[in-house]
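Observations on the model geometry
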Amino acid sequence: MARPGSGLLVPMNGVGYPPQSVARVVVWEWLNEHGRWRPYSAAVCHHIENVLKGDARGSVVLGQVDAQLSPYIIDLQSMHQFRQDTGTMRPVQRNFYEPSSAPGKGVVWEWENDNGSWTLYDMEICVTIQNAYEKQHPWLDLTSLGFCYLIDFNSMSQTNRQSQRKRRLRRRMDLAYPLIMGSIPKSQSWPVGASSGQPCSCQQCILVNSTRAASNAILASQRRKLYGGTAGNSGATGTVVRQSNTFAGTSLWSQTSTSSTTKNNNISVGGGQAKAEQVQSPLSPANFPCSPVMPSLSSGHGHHALTINGQNNLNRPGTQRISMGTTRGTIPAGVPALPVKNLTGSGPVHPALAGLPVCLTRAPKPILHPPPINKSDMKPVPGINGMRRKTKKKHLKRGKNPEDVVRRYAEKIKVIPDEDCTICMERLVMSSGYEGVLQHKGIKPELVGRLGKCGHMYHLLCLLAMYNNGNKDGSLQCPTCKTIYGEKTGTQPPGKMEYHVIPHSLPGHPDCKTIRIVYDIPAGIQTNEHPNSGKKFSARGFPRHCYLPDNEKGRRVLKLLIMAWDRRLIFTIGTSSTTGESDTVVWNEIHHKTEFGSNLTGHGYPDPNYLDNVLAELSAQGVGEDNLKD
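Residues numbered from 1 in each chain as written. Predicted model: local features only at pLDDT ≥ 70, side-chain atom pairs only at ≥ 80, totals over all residues. Heavy atoms only, no water.

A closer look at the side chain of Gln 621
- Mapping Gln 621 onto the fold places it in the segment after α10 (610-620).
- Taking relative accessible area as the criterion, Gln 621 reaches 5% and is therefore assigned buried.
- A polar contact is formed between the side chain of Gln 621 and the side chain of Lys 488, at a distance of 2.9 Å.
- Not counting the four nearest positions on each side in its chain, Gln 621 is found in contact with Ile 484, Lys 488, Leu 569, Asn 588, Glu 589 and Ile 590. (Helix = DSSP H or I, 4+ residues; strand = E, 2+ residues; numbered from the N terminus. Buried < 20%, exposed > 50% of the residue type's maximum accessible area, 1.4 Å probe, protein only. Polar contact = N/O pair within 3.5 Å; in protein donor to acceptor, adjacent residues only side chain to side chain. Contact = heavy atoms within 4.5 Å.)

See the structure below:
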């Protein structure tokens, strides 16, 4: 349906900030490697806000609400997202929008990527698109927001003005973002809440407490080697790296910290002429119980500029908030005494020297593997034949006639209701949206069918198009309720699966041994069932070790996992949600436990709900307990 009115050019000032002391919608965002603020989902934002209410200086474990974000923790004191397994840190911010805007209504705008999945627009763009949509503009030009795209609401497409490439876009309803009341800043990307002077009692701080004494000793030794004992000389020139605070909230201060407070210390991050502002030293170390202090920069002339160059630094428009004026008070705490991996990936660097504030409260490394085991100690799993399964190329062949599959599971109906076909979004009383695109002699575009089990109705031509766009394995899955018809199979590349019992117990299961599963898939070439046929695909992190308790329920899960492996449902080829790498082997919505002796990332034990959860995930893939033979 054509949309009336003229198109819309986005004004250069983008989305304005609202007045104070009114209701506003909160959206938490993280800074990606391209300098764009990417929004967390509404569910994650609700979780962060709930934690913020309880402890404004605490940590937010994102894996508690989104399993794909299990490696990530947000430290509210330093406002950084921290990835535990790699040490990578990214700034986060707390942004605010009108309750009547897209996030306030739960409206989500997404574009279709190369893998056929949907990617959320930046929130600022979502708001802009929704505003134009509500005003019934037929098109929207995003050039002034820095994107050479034209949004066409009639065709629901996005066109690249340079390449003329078109992508589909969609508008869907989701959970509304959290609503708050009161005086609200324009945006918040630095520490929230004031320190109380009491030591932080969060789990991470307790875990890391045992490492701080060793860290202080190492840093003191490094300082003596690097600076030759000049730390105590207030007139010396150089950079002093202080030790971290103790867990009780006291700190070890060098004498230069007090002598340098009267000097102007200028800090800028990134290349270019960043405006230097005066940096004040903290008045009392007890004000920041969880975090060490910033380094003191002193020189004989009273001025010292610290500039960090690099492509991946934080000196980008709208993202740089490290320079603090005198109205902000002190530099926020959060510079650790432990080396971390910097954002450029060039190796460990002390963040006090890099000028990058982060939180010291990094959890210990996860315990991924059990102690060494002799081959003779690996025993077969009781009740399961063999210890290995393979997927070979001969298993990949298919031969199902698409029309026969559709006719098998969908019954043609004569009385057609006046409702939408949720595949093509046309009315069922009209012809299929695939008319002219897809033609089959036996299936006319106006025919409508009802699926046998669930009763949902679609154009038969739409069901045929959906089948041709999938694995063509002889099965159908209802796009509305996900009911599976036939035996669903996946696109998992060839590999092997091994399973055996090892003589160790998992946390939370002290009364039984452990089933270890080892998946191994080599890199190879994609076939016509994969996203990019003929292109190489990578296989990172193999062999992958996973663990189940060796009890009755654990063995039942293993039997179903073996069945899912045989149906090629455990893995697929796509884009990694953690690294962003495309054309690589990734998990396929059946979660596994890859930590043996800990649960720091959410992929370990104890987890009393895991076995029930994975049974539900297997059932959603058509691998239910009713498939097991007694």
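What about the sheet that holds strand β32 (residues 544-549)?
- Here we have four strands laid out as an open sheet, ordered β22-β28-β29-β32, and antiparallel in their pairing. Edge positions in the open sheet fall to β22 (388-391) and β32, since each of these has one partner strand only. Averaged over neighbouring strand pairs, the angle between their axes works out to 20° when direction is ignored.
- Across four bridges, β22 lies against strand β28 (residues 495-502) in antiparallel orientation. (Pairing = 2+ DSSP bridges. Axes fitted to C-alpha atoms, helices over the stretch in contact; angles between N-to-C directions.)

Some points on the confidence of the model for the chain
- Predicted confidence across the chain gives a mean pLDDT of 73, with 66% of residues reaching 70 or more.
- Segment residues 11-20 is flagged for pLDDT under 50; beyond a separation of four residues in sequence, or across chains, it makes 17 contacts in the model.
- A low-confidence stretch, residues 186-216 stays under pLDDT 50, and its non-local contacts, those more than four residues away or across chains, total 85 contacts. (pLDDT = per-residue confidence, 0-100.)

Description of the nonpolar core
- Among the nonpolar cores identified, the biggest contains 40 residues, and Trp 28, Tyr 40, Ile 48, Leu 62, Ile 74, Trp 109 and Tyr 121 are the most heavily contacted of them.
- Here this core gets six residues from one element, more than from any other, and that element is helix α3 (residues 123-134).
- Apart from the residues lying within four places of it in its own chain, the contact partners of Trp 28 are Arg 38, Pro 39, Tyr 40, Cys 45, Ile 48, Glu 49, Leu 52, Leu 76, Met 79, Val 92, Gln 93 and Arg 94. (Core = buried A, V, L, I, M, F, W, Y, C linked by side-chain atoms within 4.5 Å.)

Things to note about the sheet that holds strand β25 (residues 457-459)
- Strand order in the open sheet formed by three strands is β23-β24-β25, and the pairing between neighbours is antiparallel. The sheet is open, and its two borders are formed by β23 (410-412) and β25, each paired with just one other strand. Each strand of the sheet is rotated relative to its neighbour by a mean of 40°, with strand direction disregarded.
- Sheet analysis places strand β24 (residues 448-451) next to β25, joined by three bridges and oriented antiparallel. Note on β25: the bridge partner recorded for Val 448 is His 459.
- Seen against the sheet, helix α7 (residues 402-409) touches β23 and β24 and runs at an angle of roughly 80° to β23.
- This element, helix α8 (residues 460-468), spans β23, β24 and β25 of the sheet and lies at about 85° to β25.

A word on the pattern of salt bridges
- Considering all chains together, one arrives at 27 salt bridges under this definition.
- Across the pair Arg 94 and Glu 49 runs a salt bridge, and its minimum N-O distance is 2.9 Å. Within this pair, whereas Arg 94 is found in strand β7 (residues 89-97), its partner Glu 49 is found in helix α1 (residues 42-54), the two being separated by 45 residues in sequence.
- Here Arg 94 falls in the buried class, since its relative accessible area comes to 10%. (Salt bridge = Lys/Arg side-chain N within 4 Å of Asp/Glu carboxyl O.)

Looking at the packing of aromatic side chains
- Inspection of the entire model under this criterion finds twelve aromatic pairs.
- With a centroid separation of 6.1 Å and 90° between ring planes, the pair formed by Tyr 605 and Tyr 610 is classed as edge-to-face.
- Judged by its relative accessible area of 2%, Tyr 605 is buried.
- Take Tyr 610: its relative accessible area is 5%, and that puts it in the buried class.
- Taken together, the ring pairs in this structure connect Tyr 519, Phe 542, Trp 565, Phe 571 and Trp 587 into an aromatic cluster.
- Stacked on the ring of Tyr 605, the Lys or Arg Lys 593 has its end atom at 6.0 Å from the ring centre. (Phe/Tyr/Trp six-rings, centres within 6.5 Å; stacked < 30°, edge-to-face > 60°. Lys NZ or Arg CZ within 6 Å of the ring centre and 35° of its normal.)

Looking at α10
- Among the residues of α10, Tyr 610, Leu 611, Val 614, Leu 615, Glu 617 and Leu 618 are the ones counted as buried. One side of α10 holds all its buried residues, which, seen down the axis, span an arc of 160°.
- Buried positions along α10 lie against β32 and α9 (552-566).
- In the segment just after α10, Gly 622 is the residue with positive phi, at about 85°. (Arc of directions from axis to C-beta.)

Structural notes on α9
- Here α9 contains 15 residues, and its C-alpha end-to-end distance of 22 Å stays within 8% of the 21 Å for a straight helix at 1.5 Å per residue.
- What α9 keeps buried is the set Gly 554, Val 557, Leu 558, Leu 560, Leu 561, Ile 562, Met 563, Ala 564 and Trp 565.
- Those residues of α9 that are buried lie in contact with β22, β28, β29 (514-520), β32, β33 (571-574) and α10.
- After α9 finishes, the residue Arg 568 shows a positive phi value of roughly 65°. (Expected span 1.5 Å × (residues − 1).)

Observations concerning the environment of Val 92
- Relative to the assigned elements, Val 92 resides in strand β7.
- As for Val 92 and Trp 37, which are separated by 55 residues in sequence, their C-alpha atoms are 8.2 Å apart.

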